[in-house]
Each structure stands twice: as structure tokens, then as C-alpha cells.
Amino acid sequence: MAMTPSARISVDIAGAPYEVRIAPGLIDQLGVEVRPFLRKDKVAIVTDAHVAVHWRARVDAALGAAGITGVWLILPPGESTKSWVHLAQVVDFLIAQDIERRDRVIALGGGVIGDLTGFAASMVKRGCGFIQVPTTLLAQVDSSVGGKTAINTAAGKNLVGAFHQPALVLADPLTLDTLGPRETRAGYAEVVKYGLIDDADFFAWCETHGTRLIAGDAQARVTAIAHSVAAKARIVAADEKELTGVRALLNLGHTFGHALEAETGFSDRLLHGEGVALGMALAARFSVRMGLMNGQDAGRIAAHLQTVGLPATLAPLGLACDGRRLADHMLHDKKMDAGTLPFLLLRGIGQTFLAKDVDLNVVAAFLDDELVR
Ligand SMILES: NC(=O)c1ccc[n+]([C@@H]2O[C@H](COP(=O)([O-])OP(=O)(O)OC[C@H]3O[C@@H](n4cnc5c(N)ncnc54)[C@H](O)[C@@H]3O)[C@@H](O)[C@H]2O)c1
Ligand SMILES: [Zn+2]
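Residues numbered from 1 in each chain as written. Chains lettered and ligands numbered in written order. Predicted model: local features only at pLDDT ≥ 70, side-chain atom pairs only at ≥ 80, totals over all residues. Heavy atoms only, no water.

### Let's talk about the overall build of the protein
Then comes step 1: A count of helical and extended segments in the protein gives 13 helices and 11 strands.
Then comes step 2: Relative to the compact-globule value of 21 Å for 373 residues, the protein shows a C-alpha radius of gyration of 20 Å, a close match.
Then comes step 3: Relative to its 373 residues, the protein shows a buried fraction of 58%.
Then comes step 4: For the protein, the proportion of contacts with a sequence separation of at least 24, taken over those separated by at least 6, is 75%. (Helix = DSSP H or I, 4+ residues; strand = E, 2+ residues; numbered from the N terminus. Rg over C-alpha atoms; globule rule 2.2 N^0.38 Å. Buried < 20%, exposed > 50% of the residue type's maximum accessible area, 1.4 Å probe, protein only. Contact = heavy atoms within 4.5 Å.)

### Considering the coordination of the zinc ion (ligand 2)
Then comes step 1: The coordination sphere of the zinc ion (ligand 2) contains the protein donors Glu190 (OE), His254 (NE2) and His272 (NE2), at a distance range of 2.0 to 2.1 Å.
Then comes step 2: Considered as a linear motif, the donors of the zinc ion (ligand 2) on their single chain read E-x63-H-x17-H. Separated by 82 residues along the polypeptide, Glu190 in helix H6 (residues 181-198) and His272 in helix H10 (residues 272-289) bring together distant segments of the chain.
Then comes step 3: By relative accessible area, His272 is classed as partly exposed at 22%. (Donors = N, O, S within 2.8 Å, 3.2 Å for Na, K, Ca; no water.)

### Here we look at the site of ligand 1
Then comes step 1: For ligand 1, the set of nearby residues contains 25 residues, the closest of which are Asp48, Glu79, Thr135, Thr136 and Thr178.
Then comes step 2: Interatomic distance of 2.8 Å between a backbone N/O atom of Gly111 and an oxygen atom of ligand 1.
Then comes step 3: Lys157 places a side-chain nitrogen or oxygen 3.3 Å from an oxygen atom of ligand 1.
Then comes step 4: Going through the elements one at a time, helix H2 (49-65), helix H4 (111-123), helix H5 (137-143) and strand E8 (156-163) are the ones with two or more residues in the shell around ligand 1.
Then comes step 5: Broken down by element, the shell around ligand 1 gets its largest block of residues, four residues, from H2.
Then comes step 6: Within the shell around ligand 1, the residues separate by chemical class into six nonpolar, 10 polar and nine charged. (Near = heavy atom within 4 Å. Polar contact = N/O pair within 3.5 Å; in protein donor to acceptor, adjacent residues only side chain to side chain. Nonpolar A, V, L, I, M, F, W, Y, C, P; charged D, E, K, R; others polar.)

### Some thoughts on the packing of helix H7 (residues 200-215) against helix H11 (residues 295-307)
Then comes step 1: In the contact formed by H7 and H11, the axes pass within 10 Å of each other and the chain directions differ by 20 degrees. With respect to H11, the element H7 is oriented roughly parallel. The element H7 and its partner H11 pack so that their crossing is left-handed. Across the interface between the two elements, Phe203, Ala204, Cys206, Glu207, Gly210 and Thr211 from H7 touch Arg300, Ile301, His304 and Thr307 from H11.
Then comes step 2: When the residues that make up the contact of H7 with H11 are grouped by side-chain class, the tally is four nonpolar, four polar and two charged. (Axes fitted to C-alpha atoms, helices over the stretch in contact; angles between N-to-C directions. Parallel < 35°, antiparallel > 145°, perpendicular 65-115°, else oblique. Left-handed = near helix turned anticlockwise from the far one by under 90°.)

### Some remarks on a nonpolar patch on the surface
Then comes step 1: On the surface, Met290, Leu292 and Val362 cluster together to form a nonpolar patch covering roughly 210 Å² of accessible area.
Then comes step 2: You can see Val362 is positioned in helix H13 (residues 360-371).
Then comes step 3: Look at Val362 and you get partly exposed, because its relative accessible area is 34%. (Patch = residues over 30% accessible without salt bridge, like charges linked within 9 Å, V, L, I, M, F, W, Y side chains within 5 Å. Areas by Shrake-Rupley, 256 points an atom, 1.4 Å probe, with all protein chains shown as cover. Salt bridge = Lys/Arg side-chain N within 4 Å of Asp/Glu carboxyl O.)

### Structural notes on the pattern of salt bridges
Then comes step 1: Scanning the entire structure with this criterion turns up 24 salt bridges.
Then comes step 2: The salt bridge partner of Arg325 is Glu263, with a shortest N-O separation of 2.8 Å. Residue Arg325 is found in helix H12 (residues 323-330), and its partner Glu263 is found in helix H9 (residues 254-263); the two are separated by 62 residues along the sequence.
Then comes step 3: The class of Arg325 is partly exposed, set by a relative accessible area of 44%.
Then comes step 4: The partner of Asp328 in a salt bridge is Arg324, with the nearest N and O atoms 3.5 Å apart. On the criterion of helical spacing, the pair formed by Asp328 and Arg324 is a turn pair, its members being four residues apart in helix H12.
Then comes step 5: Judged by its relative accessible area of 30%, Asp328 is partly exposed.
Then comes step 6: Take Arg324: its relative accessible area is 32%, and that puts it in the partly exposed class.
Then comes step 7: Within this structure, Arg8, Glu19, Arg21 and Glu33 form a network of salt bridges that share partners.

### A word on the packing of H7 against helix H8 (residues 218-238)
Then comes step 1: Packing of H7 against H8 brings their axes to within 9 Å, and their N-to-C directions diverge by 135 degrees. Taken together, the axes of H7 and H8 lie oblique to each other. Crossing angle aside, the handedness with which H7 passes H8 is left-handed. Counting all contacts with H7, which are made through Phe202, Trp205, Leu213, Ile214 and Ala215, the residues of H8 involved are Ala220, Arg221, Thr223, Ala224, His227 and Ser228.
Then comes step 2: Grouping the constituent residues of the contact of H7 with H8 by class yields seven nonpolar, three polar and one charged.

### Looking at the environment of Leu371
Then comes step 1: Inspection of the secondary structure puts Leu371 in helix H13.
Then comes step 2: A sequence separation of 52 residues divides Leu371 from Leu319, and the C-alpha atoms of the two residues are 7.9 Å apart.
Then comes step 3: Residue contacts for Leu371: discarding those within four places in its chain leaves Leu314, Leu319, Cys321, Asp322, Gly323 and Leu326.

### As for the nonpolar core
Burial of nonpolar side chains together is a common tendency in soluble globular proteins.
Then comes step 1: Judged by nonpolar contacts, the single largest core of 81 residues is most densely connected at Ile22, Tyr188 and Phe256.
Then comes step 2: Looking at this core, the element that brings in the most residues is H8, giving 10 residues.
Then comes step 3: Excluding anything up to four places from it in sequence, Ile22 contacts Ser6, Ala7, Ile9, Ala171, Pro173, Val222, Ile225, Ala226 and Val229.
Then comes step 4: Val43, Val51, Ala62 and Ile131 belong to the second-largest nonpolar core, a separate cluster that totals 24 residues. (Core = buried A, V, L, I, M, F, W, Y, C linked by side-chain atoms within 4.5 Å.)

### A word on the pairing of strand E7 (residues 148-153)
Then comes step 1: Inspection of the sheet shows E7 paired to E8 by five bridges, in the antiparallel sense. Bridge assignment links Thr153 to a residue of E8, and that residue is Gly156.
Then comes step 2: As consecutive antiparallel partners, E7 and E8 are separated by two residues. (Pairing = 2+ DSSP bridges.)

Have a look at this one:
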């Protein structure tokens with residue numbers, strides 16, 4: 001019999017270390033897995049309506065098998081759920097459940113549910129525990145690890161939040177079977193990102209296995225999730241609160257990507273991961289334009305993204321704006337620091353670095369050329 005692939009990775013945050021467990025079928029072991037983390041035989045679970053349709057019965061059965069009753073809060077799906085209104089709803093729900101500081105609430109869902117529930121947990125009773133059970137590829141490889149939690153406000157995305165680390169992360173790649181292919185591809189962009197940051201061998205692995213991973217291959221998924229989580233864990237342990245610049249490497253592709261998300265109204269026109277894919281291709285070509293990296297490497301990056309069905313050029317978006325307007329979106333970036341915007345550029349595949357002296361006029365001119373490319 002083939003061995004079931006699985007992995008355990010520890011995230012060594014000073015004072016709050018925790019484990020990420022990755023295995024197909026973990027969802028059916030949920031009760032056994034969380035039992036040691038609970039002090040009562042009842043647990044609060046926050047999820048969204050899509051996830052509840054597919055996974056609520058399985059989770060209830062798994063909890064029941066360990067003698068635990070789940071009490072559910074089911075929120076509407078979508079980015080707009082990361083709001084003040086829903087934050088208040090989660091907080092009120094947790095208080096109504098008599099959550100105490102040492103209790104743990106379960107966040108079952110994608111990055112939206114994880115970010116919102118984690119933020120609510122950070123403030124109830126001045127901070128209670130939470131367990132991440134990520135159910136999108138993006139959440140399994142990125143958002144469930146590292147302790148960034150947030151909501152959006154009228155002024156922008158993720159502007160209000162807290163650093164609050166989970167007590168445990170349980171990632172079951174089988175839960176991705178009910179996720180649409182577009183969402184899976186978008187999450188995969190963040191996997192490729194880890195290769196481009198500092199791991200050329202992993203980028204080469206992606207070139208070989210990416211298509212199979214997206215199609216559903218369990219072994220490829222466990223390998224990619226484990227590798228991504230290990231990379232993120234290393235970076236987060238080195239710079240939990242993004243103070244030294246190490247954690248900023250995780251923003252590769254995100255400055256261009258966020259500008260494009262803003263221009264497309266944070267809508268279905270461009271999912272976050274699609275913006276990141278396009279942003280990484282742009283960061284690579286911009287690095288070539290700046291004489292930092294060779295054109296072959298940039299071509300290889302774009303080719304891989306396009307092979308798996310991710311965008312690598314602006315034209316298909318059909319934007320009716322110029323490069324200046326896109327560059328202006330960057331002025332509102334959270335990472336703006338005393339009037340300058342740190343940019344992540346590449347010297348090659350696996351050689352990302354933080355450039356602090358990028359002129360936004362040069363970026364705007366570059367984007368003008370990209371818009372008609
Ligand atoms: N905290 C961090 O470090 C961090 C990092 C990256 C992104 N994020 C945040 O994550 C969010 C995006 O996360 P996301 O892409 O997971 O989006 P999401 O949570 O909105 O999930 C995407 C869609 O998939 C559905 N879904 C989730 N799991 C499913 C499943 N197993 N089967 C079927 N449908 C399922 C959801 O209902 C939703 O419609 C953004 O708000 C972003 O800001 C946070
Ligand atoms: Zn991202």
C-alpha cells in the first residue's frame with residue numbers, strides 16, 4: 001500500500017511556537033487533533049456558507065467521534081465579510097459562547113475566515129486562542145501561518161488588524177477537492193512565490209509538478225504545502241512583525257498586484273493570487289529593465305505562470321488606465337515608509353531583494369509600456 005504523504009512543521013515564534021500539520025484526511029481526525037488543545041467538550045467554529053455546505057457534516061462527525069460538540073457561526077462568503085460588522089458578529093458570538101482566554105476557537109475556511117476569526121480572537125477577553133483549519137490553497141500555503149489577522153475598511157484592505165498567532169494549524173489537502181480550479185490556481189501563485197524569493201530548486205520543482213498539483217495530485221499538494229509552510233515559518237520566525245525587512249520578502253509581486261487589485265475594484269475580475277502572479281511577472285520584467293536580471297529568467301517565470309493558467313501580462317485585463325494611475329495606487333500601500341515605497345525586485349530566480357530607491361515615475365513609464373505589450 002502506498003504511504004499516505006503527510007508533514008509536520010513547527011513555527012518557532014518566540015513565546016508562541018506552534019505546529020502546522022498537513023495530511024490528506026486530516027479533516028476526519030479533527031476531533032482527535034484538537035482535543036488536547038481544548039479544555040471543554042464544546043468548541044466554537046467560525047466558517048463561511050460555501051465551506052459549511054461541503055464540510056460541516058464531516059467536521060461535526062469528526063468532532064463527535066472525539067466527544068466534542070461544535071457550535072457554528074456561518075458567515076456569508078467573500079472578501080466583504082472581512083468588515084467591522086462581521087468582526088462585531090464574531091466577537092459577540094464568541095462572548096455568547098462564554099469563551100475564556102485559554103479556550104480555542106476554530107477558523108474553518110479560506111483567508112477571509114482565518115483573518116477575521118484570528119482578529120476577533122485577538123481581542124476577545126484581550127486575546128483568546130484559535131486554531132486554523134485552512135480550506136483554500138492560498139490559506140494552506142500562506143494566510144493560516146504567521147499570525148497576521150485583519151479586516152478591511154472603506155479606506156482599503158487589511159488596514160485594521162493584529163499579530164495573533166494560532167495555537168495549531170491543520171491543513172488537509174483533500175478539502176481543496178471542492179474548491180474551484182480558478183481559486184486553486186490563484187493560491188498556487190503564492191507557492192511559486194516561495195521559489196522566486198530564495199529557492200531556485202523549488203521553482204524548478206514547480207515547473208515540473210505545478211500542472212499536476214493544480215489538477216489534484218495529493219502527493220504534489222502535500223509537498224508544495226509543506227515546502228511553502230516551511231519557507232514561511234522560517235521567514236516569520238526570523239521577523240514576526242515585519243521589522244527587519246526579512247518578512248517583507250513575502251510581498252514579492254504584491255506591490256504591482258495590489259495596484260492592479262485596486263484598479264479592478266478588488267473584484268472577481270482579478271483574484272488576489274492572480275494579481276500576485278501578474279505582479280511577480282511584472283517585478284521580473286521591471287528587474288530586467290533596471291539591468292538587474294537577465295531576460296531569460298523573466299521569460300521562464302512568465303512561461304510557467306501561463307502554463308498553469310495564471311496571468312503574466314496586463315493586456316488581457318483590458319484596463320482603461322495609464323501607468324501613472326497604477327503607480328498612484330501604490331502611494332496608498334501599507335508598506336509606504338516616510339514617503340518611499342520599498343520594492344521587491346529580482347537579481348534572478350530565487351534571488352529576491354528589497355530595493356528602497358525605486359522611482360515611481362520610472363515604474364509608471366514601465367507600466368505604460370506593459371499596458372500595450
Ligand atoms: N493573514 C495573511 O498572512 C494573509 C496572507 C495572504 C492573504 N490573506 C488574506 O486572505 C484572503 C484571501 O483568502 P482566500 O483566497 O482563501 O479567499 P476566501 O477565504 O474568500 O476563499 C475563496 C472562496 O473559496 C470558498 N471556499 C473556501 N474553501 C473552500 C472549499 N474547501 N471548498 C469550496 N469552496 C471553498 C470561499 O467561500 C470563497 O468563496 C484575503 O482577504 C487576503 O487579504 C491573508
Ligand atoms: Zn498574497
